[in-house]
Amino acid sequence: MKRTLALLLSLTLLLTLCACARQQAPQDGDAMPTVLNTNEYVLYQNIFFNGQAGDYTGKTATKTGTFAILRDQFNEVDRYYVWGYNDATKCCDWQWEFVPQDPQALPPVGSLVEMTGTLTQSDSALDGYWFTDAKLKVKTEYHGADCDVDMSAMSATLERVQILNMQYYPDYFEGKSLVAYGRILEPTVLQHPYYDSAWTQTFEGSTDLAIGTVVLVQGSFEGGVIRSAQVEATNAY
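Residues numbered from 1 in each chain as written. Predicted model: local features only at pLDDT ≥ 70, side-chain atom pairs only at ≥ 80, totals over all residues. Heavy atoms only, no water.

1. What about the overall build of the protein chain?
Summing up its helical and strand segments, the protein chain has four helices and 13 strands in all. Classification of the 237 residues of the protein chain by burial places 51% in the buried group. In the form shown here, the protein chain has an accessible surface area of approximately 10,600 Å², with 46% of it arising from carbon and sulfur atoms. (Helix = DSSP H or I, 4+ residues; strand = E, 2+ residues; numbered from the N terminus. Buried < 20%, exposed > 50% of the residue type's maximum accessible area, 1.4 Å probe, protein only. Areas by Shrake-Rupley, 256 points an atom, 1.4 Å probe, with all protein chains shown as cover.)

2. Description of the packing of aromatic side chains
With the rule as written, the count across this model stands at 12 aromatic pairs. For the pair Tyr 44 and Phe 48, a centre-to-centre distance of 4.9 Å together with 55° between the ring planes defines the contact as tilted. Of the two residues, Tyr 44 and Phe 48 are both situated in helix α2 (residues 38–48); the distance of four residues between them amounts to about one turn of the helix. Ring centres of Phe 67 and Phe 98 lie 6.2 Å apart, and the angle between their planes is 45°; on these two criteria the pair is classed as tilted. Here Phe 67, found in strand β2 (residues 60–72), pairs with Phe 98, found in strand β4 (residues 93–100); they are 31 residues apart in sequence, far enough to count as distant. Classification of Phe 67 by relative accessible area gives buried; the value is 0%. Ring pairs connect the aromatic residues Tyr 44, Phe 48, Trp 96, Tyr 129 and Phe 131, which therefore count as one cluster. Geometry around Tyr 172 places Lys 176 over its ring, the cationic atom sitting 4.3 Å from the centre. (Phe/Tyr/Trp six-rings, centres within 6.5 Å; stacked < 30°, edge-to-face > 60°. Lys NZ or Arg CZ within 6 Å of the ring centre and 35° of its normal.)

3. As for the sheet that holds strand β3 (residues 77–85)
Reading around the circumference, β2-β3-β4-β6-β5 is the order of the five strands in this closed barrel, with mixed pairing throughout. For this sheet, the mean inter-axis angle between neighbouring strands, taken without regard to orientation, is 55°. Relative to strand β5 (residues 112–121), β2 is paired through seven bridges, and the arrangement is antiparallel. Bridging from a neighbouring strand, Gly 65 pairs with Val 113 of β5. Those strands touched by helix α3 (residues 156–168) are β2, β3 and β4, and its axis lies near 25° from that of β2. (Pairing = 2+ DSSP bridges. Axes fitted to C-alpha atoms, helices over the stretch in contact; angles between N-to-C directions. Contact = heavy atoms within 4.5 Å.)

4. Quick word on the pairing of strand β12 (residues 214–222)
Among the nine residues of β12, eight are classified as buried, and the element is accordingly described as predominantly covered. In this sheet, β12 lies alongside strand β9 (residues 177–186) in antiparallel orientation, the contact comprising seven bridges. The partner of Gly 182 across the bridge, within β12, is Val 215. Hairpin connection between β12 and strand β13 (residues 225–233): a loop of two residues separates the two successive antiparallel strands, and Gly 223 in this loop has a positive phi of roughly 60°.

5. Concerning the pairing of β4
For β4, the buried fraction is high: seven of the eight residues fall into the buried class. As paired strands, β3 and β4 are joined by six bridges and run antiparallel to one another. Residue pairing in the sheet places Val 82 in a bridge with Trp 96 of β4. One ladder, built from two bridges, connects β4 with strand β6 (residues 129–140); its direction is parallel. Across the sheet, residue Pro 100 finds its bridge partner in β6, namely Ala 134.

6. Some thoughts on the confidence of the model for the protein chain
Averaged over all residues, the pLDDT of the protein chain is 86; the fraction at 70 or higher stands at 86%. Within the protein chain, no element has a lower average pLDDT than strand β1 (residues 21–22), which sits at 36, and none a higher one than β5, at 98. Predicted confidence is poor over residues 1–30, with pLDDT under 50, and the contacts of this stretch with residues over four places away or in other chains come to 77 contacts. (pLDDT = per-residue confidence, 0-100.)

Following this line, the structure appears as structure tokens:
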């Protein structure tokens, strides 16, 4: 069963193509740094979808992107990524998993980093390949949400996978503080900003923001619901 769930999580990733204290709400000129890189998106597609991984395996490369940590409770590990968007539409993203040299010396999630590592095939990598022996150089340090599960620093794909983790393993996430983002579908329902039919997340809180507004939702995950939610509009996604 565990292997089956792990495969489900991996396939979900591939098919993409108040307890939480935020120091500052993202604003124009003061938002979490993100990268727009169409070439990186094409390379990501070629490696994971077009059978070209062998052309790059064993090669060292530097990737510039936003740093994120995904809790993979299917396999009971934390996974580390740099990610970015294809273009300014922000409808498509890419994300490179990496193994840090020193997991104890990582920057805050959401920081803009350069990751240098060697592309390696591994059954332990969520999608079969990751960058090993990775070194990070921080270009812009970001201090956003101070909480247990920060989905505000994730690409849309990674947030989708994290939500799946929460659905399959609610006991692990129970009581943890978190921040998520998405569109308001109903007054107390958050919808994924791009994968319209992929998931919805209920929250408990009040907001007078219009349906369709992209928001950050901060609170505590209890009983499958984001409780004591604080909701604020954002233009960071």
